[in-house]
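Architecture and fold: a report
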Amino acid sequence: MKDILLKTASAESIIHCGGGTFEKFAQRFMDKQIFVVTDSNVHAIYNSLLINTFGNYKGYVIPAGEESKNPENLLKILKAMLESGMRRNCYVIALGGGV
């Protein structure tokens, strides 16, 4: 597992990556507002784990493939977050290697 420190002008975030990350950190988010972003391949494999872990979680599934990583899908994700009632203090979980 690897941690990446992301620094912006207003805040710092830690990105946790690699095998075992989900199992290690999922429990931290049990009582938090979360939004999961993943692609259709990863969703097909891990959706039942997400439901078993978080219940009826909020999220967005993009089509698999590099062509889906574009500004249009970013806007769709942000719109889905707004429509789901996400707040500034929610946690976004990007599940998958390329999301």
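First, a word on what this report is: a plain description of the structure on this page.

Rules of the game
Residues numbered from 1 in each chain as written. Predicted model: local features only at pLDDT ≥ 70, side-chain atom pairs only at ≥ 80, totals over all residues. Heavy atoms only, no water. Helix = DSSP H or I, 4+ residues; strand = E, 2+ residues; numbered from the N terminus. Contact = heavy atoms within 4.5 Å. Salt bridge = Lys/Arg side-chain N within 4 Å of Asp/Glu carboxyl O. Buried < 20%, exposed > 50% of the residue type's maximum accessible area, 1.4 Å probe, protein only. Patch = residues over 30% accessible without salt bridge, like charges linked within 9 Å, V, L, I, M, F, W, Y side chains within 5 Å. Areas by Shrake-Rupley, 256 points an atom, 1.4 Å probe, with all protein chains shown as cover. Pairing = 2+ DSSP bridges. Axes fitted to C-alpha atoms, helices over the stretch in contact; angles between N-to-C directions. Phe/Tyr/Trp six-rings, centres within 6.5 Å; stacked < 30°, edge-to-face > 60°.

With that settled, consider the environment of Ile-77. Within the secondary structure layout, Ile-77 lies in helix H3 (residues 71–83). Separated by 76 residues in the primary sequence, Ile-77 and Met-1 place their C-alpha atoms 27 Å from one another. Filtering out sequence-adjacent residues up to four positions away, Ile-77 remains in contact with Phe-35, Val-37, Tyr-60 and Ile-62.

Let us look at the pattern of salt bridges. Evaluated as defined, the whole model comprises three salt bridges. Here Glu-66 and Lys-69 are joined by a salt bridge, their closest N and O atoms 2.8 Å apart. The exposed category is assigned to Glu-66, whose relative accessible area is 59%.

Along the chain, Thr-53 falls in helix H2 (residues 40–54). Excluding residues that lie within four positions of it along the chain, Thr-53 makes contacts with Phe-22, Ala-26 and Met-30.

With that settled, consider a nonpolar patch on the surface. A grouping of Ile-4, Leu-6 and Ile-15 is seen on the molecular surface, where their side chains present a nonpolar patch of about 230 Å² in accessible area. Looking at where Ile-4 falls in the secondary structure, it is placed in strand S1 (residues 2–7). On the accessibility criterion, Ile-4 (36% relative accessible area) is partly exposed.

So, about the sheet that holds strand S4 (residues 58–62). Reading across the sheet, the three strands line up as S4-S3-S5 and stay open at both edges, with parallel pairing between neighbours. With one partner strand each, in any of the chains shown, S4 and strand S5 (91–95) form the two edges of the open sheet. Within this sheet the neighbouring strands show an average axis-to-axis angle of 15 degrees, counted without direction. Inspection of the sheet shows strand S3 (residues 34–39) paired to S5 by five bridges, in the parallel sense. Looking at S5, one finds that Val-36 is bridged to Ile-93.

Per the counting criterion, the structure on display carries two aromatic pairs. Taking 6.0 Å as the distance between ring centres and 80 degrees as the angle between the ring planes, the aromatic pair formed by Phe-22 and Phe-54 counts as edge-to-face. Placement of Phe-22 in helix H1 (residues 21–25) and of Phe-54 in helix H2 is noted, with a sequence separation of 32 residues between them. Overall, Phe-54 belongs to the buried group, its relative accessible area being 16%.

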